[in-house]
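Fold and contact review
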Amino acid sequence: MAVPVPVPELRRACRQAWEPVLARARRAVVFLDAACAEALHWGGGGAGELLAAGALAVRALPAEAGAGAPRVVCVVSGALRGGTAAAVRGVLGRGAVRHCVLVCGGEAEGEGPAELEETLRRWMGEGGHAEAVLRGPPLLAPVSAELCLLPALATLSPPLPGPGAPGPAEVGLGALPAELRAAVRGLVGDLDALFAALGLREESFAVGALSRVLATELASYAPARNRRRVATNKASIVFVDRTLDLAGAVGHHGDSLAEKILSVLPKLPGHKTDVMVNMVELTALQTTDETCDIIAPGCLAQPNDPAAKALWESFMNLKQKEAVMEARRHLVEAASRENLPLKMSMGEVTPEQLSSYVQLFRNNLKALENHCGLLQLVLAMVQTLKHPQTSKWDNFLAFERLLLQTVGESEMPSVLNQLLAMIKSCNERTKDDYTCEDFLVLLVYMYSVVGEIRSGKELDTAEEKVKKALVKAICDEPEPSLLLQKITGCDSSLNLTSQKATDAVDSIFRSLRDIARARMHMKQFNSIHNPGSNTHQASYKPLLKQVVEEICNPDRPDPVDIEHVSSGLTDLLKTGFSMFMKVNRPHPGDHPLLIIFMVGGVTVSEVKMVKDLVATRKPGTQVIVLSSALLTPHSAVELLFATDRLQPDTNI
């Protein structure tokens, strides 16, 4: 049996993607698009790595100013097309650049390095020198030991099935819109390059319509077929559509500190995953202003600090109480190593106590420098535990549990009527009441858990009442939040007319009906709701958990909804013969490495659940979770309602 790929190999592949950039950075200004910057931030050692390699500066694409230097290196996450091409052209067209290196992902149709170099020379003007380098492994953001994200595909989401939509088996690549087709092809190329770097020979499996398209494309991709002939490390990759279970994306089930930190702290500018940590506490600046931006923010990604990385893994994998204890242990060890005057106190660890420990480092520059990464993570935790949104987390959890009970006992209209009574306008709300965005989170949870709904006059009436109340609440907002701006398309309350709010809410409810319909073609995984009994409460049973339990089932039954996608004639013959002969069909639990790819985002709790399930049910199997984004309840709602799901923005 082949040896599973160890985690360090994955980390090495993440670094390997940056080698062509580091080799060419000397005496050049390096330009990165947002997705590349995010990958560098988590897995490439940060901008410091490029500066150490001799780069003059590191800047964002699209650039606001010219390079100001004759040499530039442009690193883009995808092919040179659309907005990406316009941004690179903007840098080169300013006249000062004489030498340009382009490091890019997959080739644009029919464009190899020679054609790309010709294009770059044309943009620079006469006498310019160009070099195009097609990257090996894709730019991955290794958020934890088991989880890697592809930042370039952050907006990728499976289309929701409309009324009378075809089954998964009937949806092919040709049926998808052009932008989604391009994203699928880009992802297949990226996965092939990653598996080549890891020496993998994979069997592909799919749960859901877009997953089936991805698995089929990967199985039939010519470079991948050539790679599988010679690769030795066997693996199973299982693609799962996020839209089959959105309750997991917006729910508050996990007792995970990392999940809360990612949900309540503001995002780092330009980043989809990492957050801003207020560092004022470690300075002599006296201010209570939350938005004070004189001091640069801290963040969660600490790729060059082993102690901080270990603490972040604790935040991802331990229960909140254990993670808080672990943070105190790390702080106490750091303080004693620096001989700081620490007063230990027994009993429960409080945010205030941790804050007082952090203060000890404030006037000791050497100690600050040695433990900067650790202090950023502890401050992120303290700020999250004190955040008003964190106290709401338990309210959400209680309401979700109540919904699970109610959904089992009564019809959807009465559940909607319960929700209606809680919708309040801004001037009527207290800090514990739900905002408009919170109601969208709860609605997605409800419709995803319930599954197919019996439509009728009663449901239409109940929905209309909720719609009216939501439209009124949205229009009464003094200033719409960023999420509401993206959903309504209005950047201020002055432009937000009642008609625009009504159109947005109507569109949301059409999508909610589609969400309820998402599992209608499933036979085995058609429900994520456990109705409960006289002795047991109703509960949510995550679709991903059902999938992994099926994969780890020691009896190896033929999976009903986990479809194996054949990659050649041999597999087809096996499948055909198995109808009338005893032939073992490929099973996702066959190999020492299991890769789960959540198409459309994954949550911290889901990654932990997959890791724990595989460790207990199939010890000896290694698991890696790949996804397009790390979701929080609000980012899941944004992905569903604010962006056009059918057309991910593959430009910058």
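Attention in this report is confined to the structure presented alongside it. (Residues numbered from 1 in each chain as written. Predicted model: local features only at pLDDT ≥ 70, side-chain atom pairs only at ≥ 80, totals over all residues. Heavy atoms only, no water.)

Turning our attention to the layout of surface pockets. Taken as a whole, the second largest pocket spans an internal volume of roughly 770 Å³. Taken together, 33 residues form the lining of the second largest pocket, with His 253, Gly 254, Asp 255, Tyr 540 and Ser 605 sitting closest to its centre. Elements with a contribution of two residues or more to the lining of the second largest pocket: helix H11 (257-264), helix H17 (388-409), strand S11 (539-540) and helix H25 (604-617). The dominant element in the lining of the second largest pocket, judged by the number of residues it contributes, is H17, at seven residues. Among the residues forming the lining of the second largest pocket, the class breakdown is 10 nonpolar, 11 polar and 12 charged. (1 Å grid on protein atoms, 1.4 Å probe; cavity = no way out; pocket = protein on both sides within 12 Å on 5 of 7 lines; lining within 4 Å. Points joined across faces, edges and corners; volume = space filled by probe spheres on them. Helix = DSSP H or I, 4+ residues; strand = E, 2+ residues; numbered from the N terminus. Nonpolar A, V, L, I, M, F, W, Y, C, P; charged D, E, K, R; others polar.)

Bringing the environment of Phe 641 into the picture now. Note that Phe 641 resides in helix H26 (residues 633-641). Sequence separation between Phe 641 and Ile 487 is 154 residues; the distance between their C-alpha atoms is 6.0 Å.

A word on the sheet that holds strand S3 (residues 71-75). Taken together, the five strands give an open sheet; going across it, the order is S2-S1-S3-S4-S5, and neighbouring strands pair in parallel fashion. The sheet is open, and its two borders are formed by strand S2 (57-60) and strand S5 (129-134), each paired with just one other strand. With strand direction ignored, the average angle separating the axes of adjacent strands in the sheet is 20°. Where S3 and strand S4 (residues 99-104) come together, five bridges link them in parallel fashion. The residue of S4 that forms the bridge with Val 72 is Cys 100. The strands touched by helix H5 (residues 82-92) are strand S1 (29-32), S3 and S4; relative to S3, the strand with the most contacts, the crossing angle is about 175°. (Pairing = 2+ DSSP bridges. Axes fitted to C-alpha atoms, helices over the stretch in contact; angles between N-to-C directions. Contact = heavy atoms within 4.5 Å.)

Next up on the list: the pairing of S3. Burial runs high along S3: four of the five residues are buried. As paired elements, S1 and S3 share four bridges and run parallel to each other. Bridging from a neighbouring strand, Leu 32 pairs with Val 75 of S3. Taking the sense of rotation as the criterion, the β-α-β connection linking S3, H5 and S4 turns out right-handed. (Buried < 20%, exposed > 50% of the residue type's maximum accessible area, 1.4 Å probe, protein only. Right-handed = clockwise from strand over helix to strand, strands pointing away.)

This part is about the environment of Phe 361. Note on placement: Phe 361 falls in the loop between helix H14 (351-359) and helix H15 (365-370). Taking the C-alpha atoms as reference points, Phe 361 and Val 349, separated by 12 residues in sequence, lie 19 Å from one another. In this view, Phe 361 contacts Leu 331, Ala 334, Ala 335, Leu 340, Ala 367, Leu 368, His 371 and Leu 375; residues no more than four positions away in its chain are not counted.

The geometry of an aromatic ring pair is captured by the separation of the ring centres together with the interplanar angle, meaning the angle of the planes. All told, the structure shown has eight aromatic pairs when counted by the stated rule. Here Phe 239 and Phe 597 contribute two aromatic rings whose centre-to-centre distance is 5.7 Å and whose plane-to-plane angle is 40°, an arrangement assigned as tilted. Of the two residues, Phe 239 sits in strand S9 (residues 233-241) while Phe 597 sits in strand S13 (residues 593-599), which places them 358 residues apart along the sequence. When its relative accessible area of 0% is taken as the criterion, Phe 239 is described as buried. Take Phe 597: its relative accessible area is 0%, and that puts it in the buried class. (Phe/Tyr/Trp six-rings, centres within 6.5 Å; stacked < 30°, edge-to-face > 60°.)

As a further point, take empty space enclosed by the protein. Inspection of the entire model under this criterion finds six cavities of 30 Å³ or more. Taken as a whole, the largest cavity holds about 100 Å³ of empty space. Along the wall of the largest cavity there are 13 residues; nearest its centre are Trp 42, Pro 142, Val 143, Gln 302 and Lys 309. Per-class residue counts for the lining of the largest cavity are eight nonpolar, two polar and three charged. Volume-wise, the second largest cavity comes out at about 50 Å³. Ser 77, Arg 135, Pro 138, Leu 139, Leu 150, Pro 151, Ala 152 and Asp 190 together form the lining of the second largest cavity. Its residues placed into classes, the lining of the second largest cavity shows five nonpolar, one polar and two charged.

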